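Overview (structure and organization)
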Amino acid sequence: QVQLVESGGGLVQAGGSLRLSCAASGRTFSSYDMGWFRQAPGKEREFVARISGSGGATYYADSVKGRFTISRDNAKNTVYLQMNVLKPEDTAVYYCAATNLFPRAVRTWEYHTWGQGTQVTVSS
């Protein structure tokens, strides 16, 4: 079972950039599809982006398409979320998650392992 630890969150002004990292333990990282989700106060956790185990396939929520990029380095057991042109509405706790049960997963219940989250705050 993989374990996940996110880092890279912080406070940034609107229009700025941040890169989140999610480090995974275990030897079979490349067998997991990885996703990023976020949860703003008072709102449900929502899908942001996902990447296949090989890194060859990615998918994004419409709200971040063209601004965020998900990538992974399987040699380093790490998945990244590059966030550009940040907006105040991107403010949330960001979580990475892993699944090897459901292909093309976008729902929270399709992911079986979660990190603890990292706070991203975008000021206007």
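Here, the structure is the one placed above.
Just so it is clear, the structure is predicted and the values come from calculations on it, not from any experiment.

Quick look at the side chain of T118
Following the sequence through the fold, T118 ends up in strand β11 (residues 118-123). Among the polar contacts made by the side chain of T118, one reaches the main-chain amide nitrogen of G9 at a distance of 3.2 Å. Leaving out residues up to four positions away in the same chain, T118 has contacts with E6, S7, G8, G9, L20, A92, V93 and Y94.

Concerning the sheet that holds strand β8 (residues 78-83)
Strand order in the open sheet formed by 4 strands is β1-β3-β8-β7, and the pairing between neighbours is antiparallel. Either end of the sheet is taken by a strand with one partner, and the two such strands are β1 (4-7) and β7 (68-73). Here the strands of the sheet are splayed against their neighbours by 15° on average, with no regard to which way each runs.

A word on the side chain of E110
Counting through the fold element by element, E110 comes out in the loop between β9 (92-99) and β10 (113-114). A polar contact of 2.9 Å, which involves the side chain of E110, links it to the backbone nitrogen of V106. Setting aside residues no more than four positions away along its own chain, E110 makes contact with T99, F102 and A105.

Side note on a nonpolar patch on the surface
Among the surface-exposed residues, L101, F102 and W109 lie close enough to one another that they form a single nonpolar patch of about 340 Å² accessible area. Along the polypeptide, L101 turns up in the loop between β9 and β10. On the accessibility criterion, L101 (55% relative accessible area) is exposed.

Remarks on the pattern of salt bridges
Going through the model one piece at a time under the given rule, you end up with 5 salt bridges. Residue R38 is joined to E46 by a salt bridge in which the shortest nitrogen-to-oxygen separation is 2.6 Å. Residue D90 is joined to R67 by a salt bridge in which the shortest nitrogen-to-oxygen separation is 2.8 Å. Pair noted here: D90 is in the loop between β8 and β9 and R67 is in the loop between β6 (58-60) and β7, with a separation of 23 residues, a long-range link. One exposure class covers both D90 and R67, and it is buried. Ionic contacts of the salt-bridge type, sharing partners, join the residues R38, E46, R67 and D90 into one network.

Re the packing of aromatic side chains
Scanning the model with the defined rule gives 7 aromatic pairs in all. The interplanar angle of 80° and the centroid separation of 5.7 Å between the aromatic rings of F37 and F47 together place this pair among those described as edge-to-face. One end of the pair, F37, is in strand β4 (residues 33-39); the other, F47, is in strand β5 (residues 46-51), and 10 residues separate them in sequence. In terms of burial, F37 and F47 fall into one category: buried. One aromatic cluster is present, formed by F37, F47, Y59, Y95, Y111 and W114 through successive ring pairs. The ring of F29 is capped by R72, whose NZ or CZ atom sits 4.3 Å from the centre of that ring.

Conventions adopted
- Residues numbered from 1 in each chain as written.
- Predicted model: local features only at pLDDT ≥ 70, side-chain atom pairs only at ≥ 80, totals over all residues.
- Heavy atoms only, no water.
- Helix = DSSP H or I, 4+ residues; strand = E, 2+ residues; numbered from the N terminus.
- Polar contact = N/O pair within 3.5 Å; in protein donor to acceptor, adjacent residues only side chain to side chain.
- Contact = heavy atoms within 4.5 Å.
- Pairing = 2+ DSSP bridges.
- Axes fitted to C-alpha atoms, helices over the stretch in contact; angles between N-to-C directions.
- Patch = residues over 30% accessible without salt bridge, like charges linked within 9 Å, V, L, I, M, F, W, Y side chains within 5 Å.
- Areas by Shrake-Rupley, 256 points an atom, 1.4 Å probe, with all protein chains shown as cover.
- Salt bridge = Lys/Arg side-chain N within 4 Å of Asp/Glu carboxyl O.
- Buried < 20%, exposed > 50% of the residue type's maximum accessible area, 1.4 Å probe, protein only.
- Phe/Tyr/Trp six-rings, centres within 6.5 Å; stacked < 30°, edge-to-face > 60°.
- Lys NZ or Arg CZ within 6 Å of the ring centre and 35° of its normal.

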